[in-house]
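Okay, here's what each chain looks like letter by letter:
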Amino acid sequence: MPAFPAAARVALADTQLRHNLAHATRTIRDKRAAVVGEVAQWEALRLAGAAVKESALLDLDRHLEQLEERLTAAGATVHWARDAEEACAVVAAVARAHGVDEVVKVKSMATAEIGLNEALAAEGIAAWETDLAELIVQLGGDLPSHILVPAIHRNRAEIREIFRREMAAAGRPAPDDLTDEPAVLAAAARAHLREKFLRAKVGVSGANFAVAESGTLVVVESEGNGRMCLTLPEVLVSVVGIEKVVPTWEALDPLLRLLPRSSTGERMNPYTSTWSGVTPGDGPQEVHVVLLDAGRTRALADEVGRQALRCIRCSACLNVCPVYERTGGHAYGSVYPGPIGAILNPLMKGVGQAGPEGAQTDSLPYASSLCGACFEVCPVRIDIPSVLVDLRAQVVDAHRGDRGVKGEAVAMRAAAWSFSDARRLAWAERASGVAGRVLTRLGRTTLPGGRRAAGRLPGPGAAWTGARDLPAPPRESFRAWWARTRPTQEDDR
Ligand code: SF4
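Because the structure is a prediction, the values reported are computed rather than measured.

Analysis parameters
Residues numbered from 1 in each chain as written. Predicted model: local features only at pLDDT ≥ 70, side-chain atom pairs only at ≥ 80, totals over all residues. Heavy atoms only, no water. Helix = DSSP H or I, 4+ residues; strand = E, 2+ residues; numbered from the N terminus. Buried < 20%, exposed > 50% of the residue type's maximum accessible area, 1.4 Å probe, protein only. Contact = heavy atoms within 4.5 Å. Areas by Shrake-Rupley, 256 points an atom, 1.4 Å probe, with all protein chains shown as cover. Lys, Arg positive; Asp, Glu negative; His and termini not counted. Charge placed at Lys NZ, Arg CZ, Asp CG, Glu CD. Disulfide = S-S within 2.5 Å. Near = heavy atom within 4 Å. Nonpolar A, V, L, I, M, F, W, Y, C, P; charged D, E, K, R; others polar. Salt bridge = Lys/Arg side-chain N within 4 Å of Asp/Glu carboxyl O. Polar contact = N/O pair within 3.5 Å; in protein donor to acceptor, adjacent residues only side chain to side chain. Pairing = 2+ DSSP bridges. Axes fitted to C-alpha atoms, helices over the stretch in contact; angles between N-to-C directions. Parallel < 35°, antiparallel > 145°, perpendicular 65-115°, else oblique. Phe/Tyr/Trp six-rings, centres within 6.5 Å; stacked < 30°, edge-to-face > 60°. Lys NZ or Arg CZ within 6 Å of the ring centre and 35° of its normal.

A.B. asks: Which parts of the structure should I look at to understand the overall build of the protein chain?
C.D. replies: A count of helical and extended segments in the protein chain gives 23 helices and 13 strands. The burial tally for the protein chain puts 47% of its 493 residues in the buried class. Within the protein chain, contacts between residues separated by at least 24 positions form 73% of all contacts whose residues are at least 6 apart in sequence. Taken as a whole, the protein chain presents about 23,700 Å² of accessible surface, with 55% of it coming from carbon and sulfur. Each charge class in the protein chain was averaged separately, 58 positive and 59 negative side chains, and the resulting centres sit 10 Å apart.

In structure tokens form, the structure reads like this:
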């Protein structure tokens, strides 16, 4: 995956994508704002949610041990996975032990993060996504681009075409009279998936939360497909990030109230499924839980960044982010896109790594305008802008010893040199005024409000102006304006 600036440039050139994203994010934003506005004590609820997650993280080891003990007592088998490879190996071993060549999956960020579908495919096992949006992404041979609505970049006509073209090869074909009406598309998906639910012996899930005191996993969803996955197969494997644990049911209360309003703009989740181990004669008779680290303890060790582990994956930060709205999720190169992806990926993977993957990770903390909208909407008050700034500092520190001179470093040194001396600064202001006069006359672009801007600059300036407007500097600096309008106070400068 290329670094964010290169990937974003491709996305920005796709006008259909930008149209789809703008429409979808605006719709979800408006819905969220309306239902959040109904809660008089929303800020108090946010504080409660943040406090619950923060204290759970500070005592994570104790809660996880309790969770393991209660799950085991309830008949589940608990596995610990340090990384993606170990987690995928557990799921594959369970599937192999039951001789299956397919599993059904409820939408799960953790399994997408570890590349489970690809790992199972390498073993000859097909993993069928059962969430409607995930199904669209899978059939389209595509990647998810949003936490909650993975197919947000697709419109109805595109979805109809994918169903018509791909469904037959994956199971029950789309009906001949398929239209792009949402109800008709949903009915086609339902018939296609029903066949898979009834056939599958093994189900795979994630979990939104894990309650330590009772050893209970919790999945919240809107469609009910998750509940089918959790109850119909004989065997269930759940891959759960270790940060999902909360100590008690009471602690879960504010989170279950914050999540639906922040994510789908609903007052409560249509389906909330909970399960603890095995119940004889009811639901899966073999239950495995894989507790996944994969960089989470690394993030936990970062004093500023550990708050990112509070995330309850509501996606509210994506829907308000001006950068996400224009580039979509693919540009972030991860299952966690948008503002949370821009901090979670570097925190879990570590910055300053060599090679293209390291460069991609290092580019993410810069994929933000730092406008702060993400913090305003985050139900668990993750201060994403502060974490971004801290991660930028970490990226700079990690590359201090690199060979070669970067244009940005040269520009910063030049700025420091100018700002550290009043005469140099005055000279720079005069030069900027001259540049402003020239640009105002020759600039090719006019910005809203009438200000002129430069087009693409040659040489090193091209990297900056390739994707941005460079507004003409003011013709007159504040200092010059002061001297001109208050000549008698010249000495007061
Ligand atoms: S960072 Fe906050 S707003 Fe963004 S997905 Fe996580 S909980 Fe939601």
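There is more to say, and it comes next.
A.B. asks: What's the story with the state of the cysteines in this structure? I'm lost.
C.D. replies: Two cysteines joined by a covalent bond between their sulfur atoms form a disulfide. Here the structure, examined in full by the defined rule, presents 0 disulfides. Not part of a disulfide, Cys374 finds its nearest cysteine sulfur in Cys371, a span of 6.2 Å.

A.B. asks: I would appreciate a short explanation of the site of the ligand in the present structure.
C.D. replies: Neighbouring residues of the ligand: Cys311, Ile312, Arg313, Cys314, Ser315, Cys317, Ile340, Cys378, Pro379, Val380, Ile382 and Ile384. Among the residues making up the shell around the ligand, the classes are represented as 10 nonpolar, 1 polar and 1 charged.

A.B. asks: Please explain the side chain of Glu221 as it appears in this structure.
C.D. replies: As for its placement among the helices and strands, Glu221 is situated in strand E6 (residues 216-221). At 5.3 Å, Arg227 is the nearest oppositely charged side chain to Glu221, a buried residue that forms no salt bridge. A distance of 3.1 Å separates a polar side-chain atom of Glu221 from the backbone nitrogen of Gly224. Residues within four places of Glu221 in sequence aside, it is in contact with Gly226, Arg227, Asn269, Pro270, Tyr271 and Ser273.

A.B. asks: For this particular structure, what's the right way to read the sheet that holds E6?
C.D. replies: Strand-to-strand pairing in sheets goes through backbone hydrogen bonds, with the strands running parallel or antiparallel. Strands sit in the order E8-E5-E6-E9 across an open sheet of 4 strands; the sheet is mixed. At either end of the open sheet lies a strand with only one pairing partner, and these are strand E8 (245-246) and strand E9 (271-275). Where strand E5 (residues 209-211) lies against E6, 3 bridges are found, and the strand directions are antiparallel. Across the sheet, the residue bridging to Ala210 is Leu217, located in E6.

A.B. asks: Looking at this model, I keep getting lost on the packing of helix H2 (residues 15-36) against helix H12 (residues 249-263). Mind explaining?
C.D. replies: The packing of two helices is summarised by the inter-axis angle and the distance between the axes. Remark: H2 packs on H12, axes separated minimally by 7 Å, with the N-to-C direction vectors making an angle of 140 degrees. By the angle class used here, H2 and H12 are oblique. Residues Ile28, Arg32, Val35 and Val36 of H2 form the contact with H12, whose participating residues are Arg261, Ser262 and Ser263. Among the residues making up the contact of H2 with H12, the classes are represented as 3 nonpolar, 2 polar and 2 charged.

A.B. asks: Even after reading the chapter, I still don't get the environment of Pro247, so can you show me in this structure?
C.D. replies: Inspection of the secondary structure puts Pro247 in the loop between E8 and H12. A relative accessible area of 18% places Pro247 in the buried class.

A.B. asks: Which parts of the structure should I look at to understand the pattern of salt bridges?
C.D. replies: Side chains that differ in sign of charge can pair as their charged atoms come close. In the structure shown here, the tally under the stated rule is 25 salt bridges. Its salt-bridge partner being Arg62, residue Asp59 comes within 2.8 Å of it at the nearest N-O pair. Residue class for Asp59 comes out partly exposed when judged on its relative accessible area of 28%. Linking Glu161 and Arg164 is a salt bridge whose minimum nitrogen-to-oxygen distance equals 3.5 Å. On the criterion of helical spacing, the pair formed by Glu161 and Arg164 is a turn pair, its members being 3 residues apart in helix H9 (residues 156-170).

A.B. asks: Which parts of the structure should I look at to understand the sheet that holds strand E4 (residues 202-205)?
C.D. replies: The parallel open sheet is built from 6 strands, whose spatial order is E1-E10-E7-E4-E2-E3. Each of the sheet's edge strands pairs with one partner strand only, and the pair in question is strand E1 (77-81) and strand E3 (126-129). Strand after strand, the sheet turns through a mean of 25 degrees between neighbouring axes, direction not considered. Pairing geometry for E4 and strand E7 (residues 235-241), over 4 bridges, is parallel. Bridge pairing links Gly203 to Leu236 in E7.

A.B. asks: How should the packing of aromatic side chains be read in this particular structure?
C.D. replies: The geometry of an aromatic ring pair is captured by the separation of the ring centres together with the interplanar angle, meaning the angle of the planes. Under the criterion given, the structure shown has 5 aromatic pairs. Here Phe478 and Trp481 contribute two aromatic rings whose centre-to-centre distance is 5.7 Å and whose plane-to-plane angle is 35 degrees, an arrangement assigned as tilted. Linking Phe478 with Trp481, this pair stays in helix H23 (residues 478-485), spanning 3 residues, or about one helical turn. Given a relative accessible area of 58%, Phe478 falls into the exposed group. Exposure remark for Trp481: the relative accessible area of 32% places this residue in the partly exposed category. Among the aromatic residues, those joined into a cluster by ring pairs are Phe4, Tyr324 and Tyr332. Just above the ring of Trp128 sits the side chain of Lys196; from NZ or CZ to the centre is 3.9 Å. Geometry around Trp482 places Arg486 over its ring, the cationic atom sitting 4.5 Å from the centre.

A.B. asks: It is not clear to me how the side chain of Lys53 should be interpreted in this structure. Could you clarify?
C.D. replies: One can find Lys53 in helix H3 (residues 42-58). Buried charge without a partner: Lys53 forms no salt bridge, and the closest opposite charge is Glu243, 6.5 Å away. A polar atom in the side chain of Lys53 sits 3.0 Å from the backbone oxygen of Glu243. Beyond its immediate stretch of four places on either side in the chain, Lys53 contacts Glu243, Lys244, Leu255, Leu309, Arg310, Ile312 and Val380.

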